[in-house]
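Summary of the model geometry
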Amino acid sequence: MGLLDKQFTDDNIIITKVEDLLNWARLSSLWQMGFGLACCAIEMMATSASHYDFDRFGVIPRPSPRQSDVIIISGTVTFKMAIRIKRLYEQMPDHKYVISMGSCSNCGGPYWEHGYHVLKGVDRVIPVDVYVPGCPPRPEALLEGLLKLQEKIRNETLVSKTA
Amino acid sequence: MKNPEEIFEILKAKFNEVIIELISDKPTESFITVAPLEIDKVCLYLRDKEGLNFKSLMNLSGVDDANGEKIKDENDNEIIQGGTLSVFYHLESIDLKHKVTLKVSTDRENPEVASVEEIWRAADWHEREAYDMFGIKFLNHHNLIRILMPYDWEGGYPLRKDYQNPEFYKGMKVPY
């Protein structure tokens, strides 16, 4: 249910639930951590740029995990990087969300068998909310992933975090 | 400009038994095999000698020849015992427009090769990579640590033909 449905004809008054208000606020300004790993990061940057314009969903890249709401794991997660990703995730304040972008961070991608250096899916170190398939996914796919995440956040309740 | 045969003759006259042979019956370009512990002296000569002027190390790479005896270990994995590991050096002289390839082979159980890092600074990271991937020890290298794998990686040397992935690294499962 949209937040603005219960608006009075009179201006300036809206009746809603606290939950709906918080969820709406949260999903409308998902600040993204400025963080990229591989070729998926190029697509992520294209998504942020003017043509696809991530900013229209309130997604702004932030330079610090402490200011971020969502981390997009965009690329191949090596063991070396996995340790650092885990630390960055732990440094993010709640509520925090993870989008796993592309085959590599979903399941190891082309490195699944012989990649001695690749973690076979970032969900082995941090919990993932949305998986975006593709190698790399097109910007439209990443936007779809973000919309899915917003859908999840819209259904959160105060007692339990579903996303 | 000199071809590999001429360079081989020059080196053979200077270093004698250190220079082992010239191999030119392969489909690749011909290469000169050298004793592993004397490669630094040969390389210094190649760089500085008038008429050779190999100022540039184009590439340095390790190779697992996998020519040892293949045996089964206690977990029924095939491992290679004995045989050699090799290092290839691709040199180029930009002034004189000629190239040469050197090869050293060293014992797989205790692979030791003299470092050429002091001769071409480009060799620094190349040798670290060969150490990281094959475990070849470059003697007199000033900072021979892993370059690609984590510094505390204990799972072995990944590009050896008998490499087995460890089950876990720092609590993260390694196999698919």
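Presented here is an overview of the structure given in this document. (Residues numbered from 1 in each chain as written. Chains lettered and ligands numbered in written order. Predicted model: local features only at pLDDT ≥ 70, side-chain atom pairs only at ≥ 80, totals over all residues. Heavy atoms only, no water.)

A few words now on the overall build of chain A. From N to C terminus, chain A includes 5 helices and 5 strands. Going residue by residue from the N terminus, the α and β elements of chain A occur as α-β-α-β-β-α-β-α-β-α. In summary, chain A has a C-alpha radius of gyration of 17 Å against a globular reference of 15 Å for 163 residues, a match within 12%. Across its three principal directions, the C-alpha atoms of chain A cover 65 × 35 × 25 Å. Per-residue burial over chain A gives 43% buried out of 163 residues. (Helix = DSSP H or I, 4+ residues; strand = E, 2+ residues; numbered from the N terminus. Rg over C-alpha atoms; globule rule 2.2 N^0.38 Å. Buried < 20%, exposed > 50% of the residue type's maximum accessible area, 1.4 Å probe, protein only.)

So, about the overall build of chain B. Tallying secondary structure elements over chain B gives 3 helices and 11 strands in all. Start at the N end of chain B and walk to the C end: the helices and strands fall as α-β-β-α-β-β-β-β-β-β-α-β-β-β. Along the first, second and third principal axes, the C-alpha set of chain B runs to 55 × 30 × 25 Å. When burial is assessed residue by residue, chain B has 45% of its 176 residues classed as buried. Within chain B, contacts between residues at least 6 apart in sequence are counted, and of these 54% link residues at least 24 apart. On chain B, roughly 9,400 Å² of surface is accessible, and the fraction owed to carbon and sulfur atoms is 49%. Averaged over its 22 positive side-chain charges, chain B has a centre that lies 4 Å from the centre of its 33 negative ones. (Contact = heavy atoms within 4.5 Å. Areas by Shrake-Rupley, 256 points an atom, 1.4 Å probe, with all protein chains shown as cover. Lys, Arg positive; Asp, Glu negative; His and termini not counted. Charge placed at Lys NZ, Arg CZ, Asp CG, Glu CD.)

Our next topic: unusual backbone geometry. Glycine aside, residues mostly have negative phi angles, and peptide bonds mostly take the trans form. Cis geometry marks the peptide bond from Asp94(A) to His95(A), where omega comes out at -10°. Residue Pro136(A) is reached from Cys135(A) by a cis peptide bond, and omega for that bond is -10°. In this structure, Ala66(B) takes a positive phi of about 50° despite not being glycine. Counting through the fold element by element, Ala66(B) comes out in the loop between strand E3 (56-64) and strand E4 (69-72). Phi at Asn140(B) is positive, roughly 70°, even though this residue is not glycine. Along the chain, Asn140(B) falls in the loop between strand E9 (137-139) and strand E10 (168-169). Judged by its relative accessible area of 70%, Asn140(B) falls in the exposed class.

Turning our attention to the packing of helix H1 (residues 4-15) of chain B against helix H2 (residues 39-48) of chain B. Residue and element names in this part refer to chain B. Their axes nearest at 12 Å, the elements H1 and H2 cross at an angle of 125°. It follows from the interaxial angle that H1 and H2 lie oblique. H1 and H2 meet at a crossing whose hand is right-handed. Across from Ile 7, Ile 10, Leu 11, Lys 14 and Phe 15 in H1, the residues of H2 making contact are Lys 41, Val 42, Tyr 45 and Leu 46. (Axes fitted to C-alpha atoms, helices over the stretch in contact; angles between N-to-C directions. Parallel < 35°, antiparallel > 145°, perpendicular 65-115°, else oblique. Left-handed = near helix turned anticlockwise from the far one by under 90°.)

Residues and elements named next belong to chain B. Across its 12 residues, H1 extends 16 Å between first and last C-alpha, which sits within 8% of the 16 Å expected from 1.5 Å per residue. Burial in H1 covers these residues: Pro 4, Ile 7, Phe 8, Leu 11 and Phe 15. Down the axis of H1, the smallest arc covering the buried residues is 100°, so these residues share one side. Opposite the packed face of H1, turned more than 90 degrees from it, sit the exposed residues Glu 9 and Ala 13. Of the residues trailing H1, Asn 16 is marked for its positive phi of about 55°. (Expected span 1.5 Å × (residues − 1). Arc of directions from axis to C-beta.)

With that settled, consider the sheet that holds strand E2 (residues 31-34) of chain B. In sheet architecture, strand pairing relies on hydrogen bonds along the backbone and comes in two forms, parallel and antiparallel. Residue and element names in this part refer to chain B. If you trace the 5 strands from one edge of the open sheet to the other, you get E1-E2-E7-E6-E3, paired in mixed fashion. The strands lining the two open edges of the sheet, one partner per strand, are strand E1 (19-23) and E3. Neighbouring strand axes in the sheet, compared pairwise and without regard to direction, differ in orientation by 20° on average. Sheet topology note: the E1/E2 ladder contains 4 bridges and is antiparallel. (Pairing = 2+ DSSP bridges.)

Counting residues in each nonpolar core, the largest one holds 60 residues, and the members touching the most others are Ile39(B) and Tyr89(B). If we ignore the near neighbours within four places in the chain, the residues touching Tyr89(B) are Ile39(B), Leu57(B), Asn59(B), Leu60(B), Val100(B), Thr101(B), Leu102(B), Val104(B), Val113(B), Ala114(B), Val116(B) and Phe138(B). If you look at the next biggest cluster of nonpolar residues, it comprises 20 residues, including Cys40(A), Phe54(A), Phe57(A) and Val132(A). (Core = buried A, V, L, I, M, F, W, Y, C linked by side-chain atoms within 4.5 Å.)

In short, the description is geometric, and any link to function would need to be established separately.
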